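Residue-level listing of the chains:
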Amino acid sequence: MEPTLRPYREEDLPAITAIWNEVVEQADSFPGDRPLTLEEAAAMFAAQTETVTVLEGGEPVGVYILHPNNIGRCSGIANASYAVRKDCRGRGIGRRMVCDSLQRAKAHGFAGMQYNAVVKSNTAAIALYLKLGFTVLGTVRNGYRLADGSLTDTLIFYHGLLEEDLPRP
């Protein structure tokens, strides 16, 4: 069954908060270091340019947020974060979300998509971003603190939206 991507709805909140928190608790990719309450998640999801829910058979299996990477004169570049329910990974949902977010970012007038802190050990995400035409702009040495307190590098990725062909799922 092909996943459906649609804007977040209030009824999605418990499921997508659980998916988001599952990734936070893994402590290997998201910058947050504690799970969100439903109230905190509702405020965060509502504050985004877009929050998109991924459904399979009517059930949420993923979520992503899309927003400016910075403020003011630097707000023309987008940023996004993606979360797929653990038991649904490896089925192409991440690719669908990234491709969809690039299309939505372009529709909102963003000139590019930048990921500021892709953890170096997140090899699945790195492989996907490279396959979809992202460029590594640099490495931030010791930019991420893992659950055990050790530090690891993060990578900065970029994909232009105005002058480049966008990948399709």
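Preceding this paragraph is the structure being described.
Residues numbered from 1 in each chain as written. Predicted model: local features only at pLDDT ≥ 70, side-chain atom pairs only at ≥ 80, totals over all residues. Heavy atoms only, no water.

### A closer look at the sheet that holds strand β4 (residues 77–84)
In space, the seven strands of this open sheet follow the order β1-β2-β3-β4-β5-β7-β6, with mixed pairing throughout. Across the chains shown, the open sheet's two edge strands, defined by having one partner strand only, are β1 (4–7) and β6 (135–145). On average, adjacent strands in this sheet sit at an angle of 25° to one another, irrespective of strand direction. Contacts from helix α1 (residues 13–26) reach β2 (50–56), β3 (59–68) and β4 within the one sheet, and its direction differs from that of β3 by about 75°. (Pairing = 2+ DSSP bridges. Helix = DSSP H or I, 4+ residues; strand = E, 2+ residues; numbered from the N terminus. Axes fitted to C-alpha atoms, helices over the stretch in contact; angles between N-to-C directions. Contact = heavy atoms within 4.5 Å.)

### Thoughts on the side chain of D100
With respect to the helices and strands, D100 occurs in helix α3 (residues 93–107). A polar side-chain atom of D100 sits 2.5 Å from a polar atom in the side chain of R104. For D100, the contacting residues outside a window of four places in its chain are L5, V52 and Y64. (Polar contact = N/O pair within 3.5 Å; in protein donor to acceptor, adjacent residues only side chain to side chain.)

### Looking at α1
One full turn of an α-helix is made of 3.6 residues, so residues set three or four places apart face in the same direction. Between its first and last C-alpha, α1 extends 20 Å over 14 residues, near the 20 Å set by a 1.5 Å rise per residue. Among the residues of α1, L13, I16, T17, I19, W20, N21, V23 and V24 are the ones counted as buried. Structurally, α1 contributes buried residues whose contacts are with α2 (38–46), β2, β3 and β4. In the segment just after α1, A27 is the residue with positive phi, at about 55°. (Expected span 1.5 Å × (residues − 1). Buried < 20%, exposed > 50% of the residue type's maximum accessible area, 1.4 Å probe, protein only.)

### Quick word on the environment of S101
Within the secondary structure layout, S101 lies in helix α3. In this structure the C-alpha to C-alpha distance between S101 and L66, which are 35 residues apart in sequence, comes to 6.9 Å. Among residues more than four places away in sequence, those in contact with S101 are Y64, L66, A80, Y82 and M113.

### A word on α3
With 15 residues, α3 should reach 21 Å at 1.5 Å per residue; the first-to-last C-alpha distance of 21 Å fits that figure. All of the buried residues along α3 are I93, R96, M97, V98, C99, D100, S101, L102, R104 and A105. Backbone geometry just downstream of α3 places G109 in the positive-phi region, at approximately 90°.

### Re the nonpolar core
Ranked by size, the top nonpolar core spans 31 residues in total, and within it Y82, V98, M113, Y115, Y129 and F134 carry the most contacts. Element by element, the count of residues in this core is highest for α3, at six residues. Those residues within four positions of Y115 in sequence are excluded, and the remaining contacts are N79, A80, Y82, V98, Y129, F134, L155, I156 and F157. Counting residues in each nonpolar core, the second largest holds 12 residues, with I16, W20, F30 and A83 among its members. (Core = buried A, V, L, I, M, F, W, Y, C linked by side-chain atoms within 4.5 Å.)

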